[in-house]
Amino acid sequence: MTKKNAAASHNHSGFVHVRGAREHNLKNVDLDIPRDALVVFTGVSGSGKSSLAFGTLYAEAQRRYLESVSPYARRLFNQMAVPEVDKIDGLPPAVALQQQRGAPTTRSSVGSVTTLSNLLRMLYSRAGDYPANQPIIYAEAFSPNTPEGACPKCHGLGKIYDVTESSMVPDDSLTIRERAIAAWPTAWGGQNQRDILVTLGFNVDIPWRELPQIDRDWILFTEEQPVVPVYAGFTPEETQRALKRKMEPSYMGTFTSARRHVFHTFTHTQSALMKKRVAQFMLSTACPVCEGKRLRRESLSVKFAGLDITEFSRLPLKRLAEILQPYAAGSAKALKKLETEHPEKATVTKLIAEDLASRLEVLLDLGLGYLNLERSTPTLSPGELQRLRLATQLHSNLFGVVYVLDEPSAGLHPADKEALISALGVLKNSGNSLFIVEHDLDVIRHADWLVDVGPGAGENGGEILYSGPIAGLKQIEASQTRQYLFSPENKLKARPRKPSGWLTLKDVSRNNLHKLKVQFPLGIFTTVTGVSGSGKSSLVSQVLVELVAEHLGHVMPVEEEETDALEQSVLPQTGGQITGGMENIKRLVRVDQKPIGRTPRSNMATYTGLFDNVRKIFAETREAKKRHYDAGRFSFNVAKGRCEHCLGEGFVMVELLFLPSVYSPCPTCHGTRYNAKTLEITYRDKNIAEVLHLTVDEAWEFFEEEPQIQRALTVLREVGLGYLRLGQSATELSGGEAQRIKLATELQKQQRGNSLYILDEPTTGLHPSDVEKLMTQLDSLVEAGNTVIVVEHDMRVVANSDWVIDIGPGAGEEGGKIVAEGTPAEVAKANDSKTAFYLKRFFSQKA
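Residues numbered from 1 in each chain as written. Predicted model: local features only at pLDDT ≥ 70, side-chain atom pairs only at ≥ 80, totals over all residues. Heavy atoms only, no water.

Trainee: Can you break down unusual backbone geometry residue by residue, with the values?
Mentor: At the junction of G454 and P455, the peptide bond is cis and its omega measures out at 0° in the coordinates. Note that P455 resides in the loop between strand 12 (449-454) and strand 13 (463-468). Here the bond from G808 into P809 is cis, since omega is 0°, no more than 30 degrees from zero. On the secondary structure map, P809 appears in the loop between strand 23 (803-808) and strand 24 (817-822). The backbone phi angle of T115 is positive, close to 60°, even though this residue is not glycine. Topologically, T115 is positioned in the loop between helix 4 (110-113) and helix 5 (116-127). Positioned with a positive phi, H670 is a non-glycine residue whose angle comes to about 55°. Following the sequence through the fold, H670 ends up in the loop between strand 20 (662-665) and helix 26 (676-679). (Helix = DSSP H or I, 4+ residues; strand = E, 2+ residues; numbered from the N terminus.)

Trainee: Please set out the environment of L38 residue by residue, giving values where relevant.
Mentor: As for its placement among the helices and strands, L38 is situated in strand 3 (residues 38-42). A relative accessible area of 8% places L38 in the buried class. Among all residues touching L38, those that are not within four sequence positions of it are K428, L434, I436, H446, A447, D448 and W449. (Buried < 20%, exposed > 50% of the residue type's maximum accessible area, 1.4 Å probe, protein only. Contact = heavy atoms within 4.5 Å.)

Trainee: Any chance you could break down helix 31 (residues 768-783) for me, citing the residues and the numbers?
Mentor: With 16 residues, helix 31 should reach 22 Å at 1.5 Å per residue; the first-to-last C-alpha distance of 23 Å fits that figure. Two residues or fewer after helix 31 comes G785, characterised by a positive phi angle close to 95°. (Expected span 1.5 Å × (residues − 1).)

Trainee: Break down the sheet that holds strand 18 (residues 587-591) for me, citing the residues and quoting the values.
Mentor: The six strands are arranged 18-21-22-16-23-24 in an open sheet whose pairing can be described as mixed. The open sheet terminates on both sides in strands that have one partner only, identified here as strand 18 and strand 24. Geometrically, the sheet is characterised by an average inter-axis angle of 15° between neighbouring strands, direction not taken into account. Contacts between helix 21 (residues 536-552) and the sheet are confined to strand 16 (525-529), strand 18, strand 21 (755-760), strand 22 (787-791) and strand 23, with strand 18 contributing the most and set at about 145° to the helix. (Pairing = 2+ DSSP bridges. Axes fitted to C-alpha atoms, helices over the stretch in contact; angles between N-to-C directions.)

Structure representation (structure tokens):
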């Protein structure tokens with residue numbers, strides 16, 4: 001390896017030397033990689049690429065940088081653990097662009113992530129057209145997140161929330177006694193209010209709709225809170241008699257109208273559940289003062305190119321660039337007029353427009369021209385967010401930096417990938433080094449230097465198979481990347497299957513889809529393709545999932561974004577209906593990339609149900625029976641089985657003054673999570689903690705006499721997860737791994753056919769060899785009589801599917817239509833489809 005490095009070193013300004021890297025599964029690795037080059041780390045999923053790029057190189061660069069800042073400032077950083085490595089020389093400062101989601105607040109937007117909104121506010125403040133006699137206002141008054149800018153009525157939210165009679169009384173045929181007022185509390189609190197109404201003389205036993213409107217309005221909306229005697233359990237007649245006689249009441253009750261209850265609870269409760277419950281009775285409407293534009297009137301009266309700042313921010317970035325271009329070039333008519341009347345204003349306008357136009361150009365090059373500045377970051381895909389950050393870096397013109405990127409091609413159509421590759425070239429040519437973890441063959445082929453990690457995953461990985469220019473990988477037989485990189489496009493399956501029926505939808509509307517009519521074939525494997533932002537996920541992962549779920553009576557789980565309960569309650573309304581084909585679908589399975597759990601207590605063994613069987617086996621051993629231990633004893637979440645010192649966490653937190661807290665293995669159980677008595681029970685010479693430490697592959701051999709457990713493990717191996725440990729915590733798993741665990745959990749179930757499986761980009765984070773394993777599994781689902789629909793950019797998957805629906809032709813406003821549909825070979829011939837160009841190569845070889 002060193003010879004190869006030496007030979008290549010003439011072309012590079014220097015090398016980063018890594019010695020003794022042992023992070024995660026790396027096996028004491030020594031490595032030399034060039035600076036000022038595009039270096040790609042490849043290898044099967046779980047081989048150790050990320051441990052090398054992020055866990056070692058980036059973590060060390062960050063550690064060195066943080067050593068130069070004050071201990072106080074250091075606490076403000078989200079610090080990574082110190083990497084396990086002997087030494088690293090020649091490492092420049094690093095910037096990481098990982099695939100995490102952005103800040104989940106709805107106030108964080110494309111404009112704030114790219115800092116374009118700041119420039120735009122400056123443009124309106126300094127170069128906007130003001131109404132006569134209005135004084136100039138500062139840039140911050142154009143932001144809805146500041147007191148100077150926010151509309152006083154809706155506080156910058158653009159919406160006001162209120163309740164209506166129909167939202168609080170969904171069924172007006174019920175009586176008050178039958179809980180017609182759904183917005184009141186369900187338990188005693190609601191009973192109390194009903195008893196108070198009896199005292200007040202309202203009729204609680206006739207249908208709500210028969211009460212006089214004046215009574216209904218008072219009960220629902222009054223701000224009055226009369227305190228009256230309550231006679232619990234009395235009939236209305238008995239209550240009236242008791243009042244006349246001035247009998248001693250059960251207690252004195254305070255009346256609260258339904259509206260008052262909803263708003264008071266929403267504002268004051270600490271319980272997220274209570275907040276969610278009352279939020280369902282609140283309806284949002286556009287604020288009447290700012291008409292949903294979030295800003296005060298003075299700010300909205302300032303125009304640029306005839307638009308107020310909100311109208312401007314709602315245009316696609318592509319359109320913004322077109323408007324600003326003439327100002328940046330100095331050719332706009334409005335600018336010529338300014339040059340004679342207010343030359344200083346003309347100069348400012350041109351300067352700001354130039355800066356905005358050059359930043360927008362980078363975003364358009366990265367294929368993001370369909371987004372607008374107001375789009376909130378929680379609605380972006382991880383790939384879109386990573387490219388927004390990349391655009392900001394491209395514009396910052398740093399040099400001498402290492403950029404560490406995590407699969408920048410994720411979620412990108414091949415057409416958008418070309419723009420990405422040229423953007424990476426710009427960063428490199430500015431004198432930076434790029435270290436990229438990547439599976440996409442097109443991106444890998446553009447590398448100057450390749451580091452292939454493997455040969456397998458987990459315990460079977462962690463070695464450097466090759467480090468050098470791409471061509472040299474041809475000689476490395478142990479490399480799984482080699483066979484895909486140098487072979488022509490993969491073999492295609494014999495011939496596409498024929499549909500057994502069609503699921504038809506009409507009037508589909510969501511985001512950029514308008515009244516779309518679409519039909520999905522049943523009983524076969526369909527891929528939905530199209531450029532990033534064309535509307536694929538809106539169609540499949542949103543509308544199709546919601547309509548089928550509604551038809552089957554499933555309740556879809558609420559997205560667990562950490563936003564305000566109100567923001568969650570305002571979901572976009574799905575337009576569209578299913579017009580045929582549902583008689584062939586009995587079950588809907590959505591396999592997404594969300595985590596299988598948010599705490600280290602949930603792991604693969606518990607999620608798949610495998611652990612229940614393992615615990616039963618331990619409880620069946622002779623020694624366990626003798627001690628009367630049941631299966632619960634072998635759970636680290638149950639008091640009787642877990643270590644009392646760390647409460648089954650396996651580690652304890654050590655607080656260090658001025659430094660980040662350190663987690664160290666629990667000194668009592670040494671990280672096993674169980675108490676000593678539980679660990680005395682063994683099955684085939686291993687205790688429960690040792691079994692959890694086994695990888696799926698090891699456990700498969702260990703449980704050879706347990707068919708039920710082995711079946712579950714077989715499926716996990718078949719989806720390419722043989723390298724994961726049974727007890728690996730959910731928080732350590734990537735989105736792709738979580739998705740494959742969910743798929744394996746599904747595949748374990750007895751196949752009854754007639755299920756609809758929906759997956760959104762399941763190849764994300766997968767090496768080509770793992771993609772093949774995934775395809776085999778999806779094919780087996782189809783063979784069992786099910787329908788599989790996948791949103792996908794990987795052209796090998798598309799070419800091997802039975803049917804393709806291509807959405808486009810462009811992104812955002814320019815997308816949302818069906819451009820082509822048919823077998824992959826038919827779609828490859830379509831003229832208007834951007835996908836066809838990349839699909840052709842799979843079929844031209846056969847010709």
